[in-house]
Structures are given as C-alpha cells and as structure tokens.
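Here's the letter readout for the chains.
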Amino acid sequence: MAKAAEARKARSELLASIKSGKESIEKVLKQAKENKTIGKTKVTQLLKAVPGLGAVKVAALLEQAGIDPDRRAAGLGERQREALIDALK
C-alpha cells in the first residue's frame, strides 16, 4: 500500500509540474521509456495537465495521432510520440 501511495504522489507531482510549466510535455513524453512514473501514466492524463488542453482537445489530438485514449506513455511508439509533439507545437 505504501508503494501505491508513493506512486500516486509521484504522479500527482509530475502532473503539477506540467501544469505549472516546470516540465514541458515534450520532455516528459521523451522520458516515458526510462521513467516508470511517467511510463505508467496515461497519455490522456499527461495531455490534460497541459495548460489550455481540456478533454475535448485531448480527445481530438489522440484521434488525429491514432492513439488509444487508454494508452500509457511507455506504450507510445516513436511515430505516435512525434505526432503528438508536432501537434502540440
């Protein structure tokens, strides 16, 4: 249980840092394979943390890039990751 609480805390800190602008979504997505906290977070959650992106815009971005809404960050392919980063620029 302590491990789960620690993971939730790390995930909430990650999302807060994206919201505040300390971390860019590009950097976070590129670290997804190495960092377990990022890798286990759903792409939808990461994108919703970006200022200016809500549920509708996130759904449209994922559909445009051909990414399942339930996909976790570590499960993204290289092309999917690049498509998302390009769409956010």
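Residues numbered from 1 in each chain as written. Predicted model: local features only at pLDDT ≥ 70, side-chain atom pairs only at ≥ 80, totals over all residues. Heavy atoms only, no water.

Taking an unreviewed UniProt entry as the reference, the chain is identified by name as Probable integration host factor belonging to Amycolatopsis camponoti.

Can you walk me through the environment of alanine 59 in this structure?
Tracing the chain through its elements places alanine 59 in helix α5 (residues 55-65). Considering only alpha carbons, one finds alanine 59 and lysine 22, 37 residues apart in sequence, at a separation of 24 Å. (Helix = DSSP H or I, 4+ residues; strand = E, 2+ residues; numbered from the N terminus.)

Before we go on, may I ask you to explain the pattern of salt bridges in this structure?
Pairs can form between side chains of opposite charge once their charged atoms are near each other. Under the criterion given, the structure shown has three salt bridges. Between arginine 81 and glutamate 78 there is a salt bridge, and its shortest N-O distance comes to 3.1 Å. With arginine 81 and glutamate 78 both in helix α6 (residues 78-88), this residue pair falls three residues apart, about one helical turn. Taking relative accessible area as the criterion, arginine 81 reaches 5% and is therefore assigned buried. Relative accessible area serves as the criterion here: at 51%, glutamate 78 is assigned to the exposed category. (Salt bridge = Lys/Arg side-chain N within 4 Å of Asp/Glu carboxyl O. Buried < 20%, exposed > 50% of the residue type's maximum accessible area, 1.4 Å probe, protein only.)

Would you mind showing me how to read the UniProt feature "domain: Integration host factor-like helix-two turn-helix" (unreviewed entry) in the chain here?
Under the present numbering, the feature "domain: Integration host factor-like helix-two turn-helix" (unreviewed entry) in UniProt falls on residues 18-86. The span residues 18-86 is 57% helix and 0% strand, and its two end C-alpha atoms sit 17 Å from each other. (UniProt positions renumbered as here; feature names shortened; annotations may be inferred.)

Any chance you could explain the nonpolar core here in plain terms?
One recurring pattern in soluble globular proteins: nonpolar side chains tend to sit buried together. Membership of the largest hydrophobic core comes to 23 residues, with the highest contact counts inside it found for Ile18, Leu46, Leu47 and Leu84. Elements with a contribution of two residues or more to this core: α1 (2-20), α2 (25-30), α4 (43-48), α5 and α6. Considering each element in turn, this core owes the most residues, four residues, to α5. In contact with leucine 84, not counting residues within four places along its chain, are Leu29, Val43, Leu47, Leu61, Leu62, Ile67 and Leu76. (Core = buried A, V, L, I, M, F, W, Y, C linked by side-chain atoms within 4.5 Å. Contact = heavy atoms within 4.5 Å.)

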